[in-house]
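# An overview of the molecular structure
Below, each chain spelled out in residue letters.
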Amino acid sequence: MPVDPIQLSKFLSFVLRHKPDAIGLALDPQGWVRIDELIEKGNVARPRFSREDLLHVVKTSDKKRFSISTDGLRIRAAQGHSVSVDLGLPPQAPPPVLLHGTATRFIDSILREGLKPQDREQVHLSTDEATARRVGQRHGKAAILKIDALRMHAQGFKFYLADNGVWLTDQVPPEFLIPSSSETDSATTSRQPKLST
Ligand code: HQG
C-alpha cells in the first residue's frame, strides 16, 4: 500500500518533536536522529516507509517541518518540540514586530499572563498574518496578537529563527503584546478587549 504523506508527516512530528521513546528512539541533544535508525524502528509498528517516502515528506512539507543534516544522514524537526532539545540556533535580532496566532478564547489569559510555551519548548511566532491566522484557527476562532519584538530584543529577550522561518522565544510578557485583530463570535465578543480587525 502506498504511504500516505500526511500520515507519515504526522508520525514524524510525533516522534521527532514529542515521543521519540514511543518507538525506542533517542534524539541527540540537538534533536537529531539517524535516518536509517528512524526507518528501522519506525517500520516496526506502522505501514512501512522507505527513505524515499521520508525524503518526499521532508521536501513537500508545507511548513518545512523537518531538516536533514548536511551529510544527509540525520533528520530533526525544525521546531515545535515538547521534548527538551537545544536546536543550537544563534540568537538574532527579530523583525520589529512579530505575530502570534491564537484562539479568541485564550486572549484574556494571554493578556494577563503573557505568551507561554505551554507544552512546547518555546513560543512560536511568525512574520506574516496568513500563517498566524492558520496557526490560530487550529485552536478555534483565530485571533492575532502583535508582539513588540524590537522592544523585547532591546531589553535582552532572545529570539531564534528556526530553519523553516518560524521565530522562537522563551516567553512574551504581557507588556509586549499589542492586540491586533480577531474574528470574534457572540460568545466571546462581550468579554474580549476591543481588537481592531
Ligand atoms: C496558547 C504548529 C492561555 C497559544 C503551528 C496557543 C506552530 C496561552 C496554545 C506550532 C497562553 C499552545 C506551534 C496563556 C500561550 N494562556 N493560552 N498564557 N500562552 N497560549 O500548539 O503556537 O502544524 O503548543 O496562543 O503551525 O499554536 O504542528 O502552539 O494557542 O508553528 O507544524 O496556547 O505548531 O505547527 O498551542 O503552534 P501550541 P501554537 P505544525
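Above this text sits the structure in question.
Residues numbered from 1 in each chain as written. Predicted model: local features only at pLDDT ≥ 70, side-chain atom pairs only at ≥ 80, totals over all residues. Heavy atoms only, no water.

### What to know about the sheet that holds strand 5 (residues 123-125)
- If you walk across this open sheet you meet the 3 strands as 5-8-7, and the pairing is antiparallel. Bordering the open sheet on either side are strand 5 and strand 7 (160-161), each of which pairs with just one other strand. (Pairing = 2+ DSSP bridges. Helix = DSSP H or I, 4+ residues; strand = E, 2+ residues; numbered from the N terminus.)

### Here's the deal with unusual backbone geometry
- We note that lysine 64 has phi near 50°; this positive angle belongs to a residue other than glycine.
- Its location among the elements puts lysine 64 in the loop between helix 3 (51-60) and strand 2 (66-68).
- Even without being a glycine, glutamine 118 presents a positive backbone phi close to 50°.
- Summarising the element assignment, glutamine 118 is placed in the loop between helix 4 (107-113) and strand 5.
- Given the relative accessible area of 66%, glutamine 118 is considered exposed. (Buried < 20%, exposed > 50% of the residue type's maximum accessible area, 1.4 Å probe, protein only.)

### What about the pairing of strand 6 (residues 142-148)?
- Burial analysis of strand 6 places 6 of its 7 residues in the buried class, which makes it a mostly covered element.
- In this structure, strand 4 (residues 97-103) lies alongside strand 6, joined through 7 bridges in antiparallel fashion. Each residue of the ladder has a partner; that of valine 97, found in strand 6, is aspartate 148.

### Some remarks on the packing of aromatic side chains
- According to the stated counting rule, one finds 2 aromatic pairs in the structure shown.
- Between phenylalanine 157 and phenylalanine 176, the aromatic rings sit 5.4 Å apart at their centres with planes inclined by 70°, giving edge-to-face as the arrangement. One end of the pair, phenylalanine 157, is in the loop between helix 6 (149-154) and strand 7; the other, phenylalanine 176, is in the loop between strand 8 (167-169) and strand 9 (177-182), and 19 residues separate them in sequence.
- Here phenylalanine 157 falls in the partly exposed class, since its relative accessible area comes to 22%. (Phe/Tyr/Trp six-rings, centres within 6.5 Å; stacked < 30°, edge-to-face > 60°.)

### Quick word on the site of the ligand
- Neighbouring the ligand are 19 residues; Lys63, Arg65, His100, Ser109 and His139 lie closest to it.
- One of the backbone N or O atoms of lysine 116 is found 3.0 Å from a nitrogen atom in the ligand.
- For the ligand, whose unbound accessible area comes to 780 Å², protein coverage reaches 88%.
- Of all the secondary structure elements, the ones that give two or more residues to the shell around the ligand are strand 4 and helix 4.
- The element that contributes the greatest number of residues to the shell around the ligand is helix 4, accounting for 3 residues.
- Classifying every residue of the shell around the ligand by side-chain character gives 4 nonpolar, 8 polar and 7 charged.
- When residues are assigned to domains, the shell around the ligand turns out to be shared by domain 1 (5-77) and domain 2 (97-176), each giving three or more. (Near = heavy atom within 4 Å. Polar contact = N/O pair within 3.5 Å; in protein donor to acceptor, adjacent residues only side chain to side chain. Areas by Shrake-Rupley, 256 points an atom, 1.4 Å probe, with all protein chains shown as cover. Nonpolar A, V, L, I, M, F, W, Y, C, P; charged D, E, K, R; others polar. Domains from an automatic or database assignment.)

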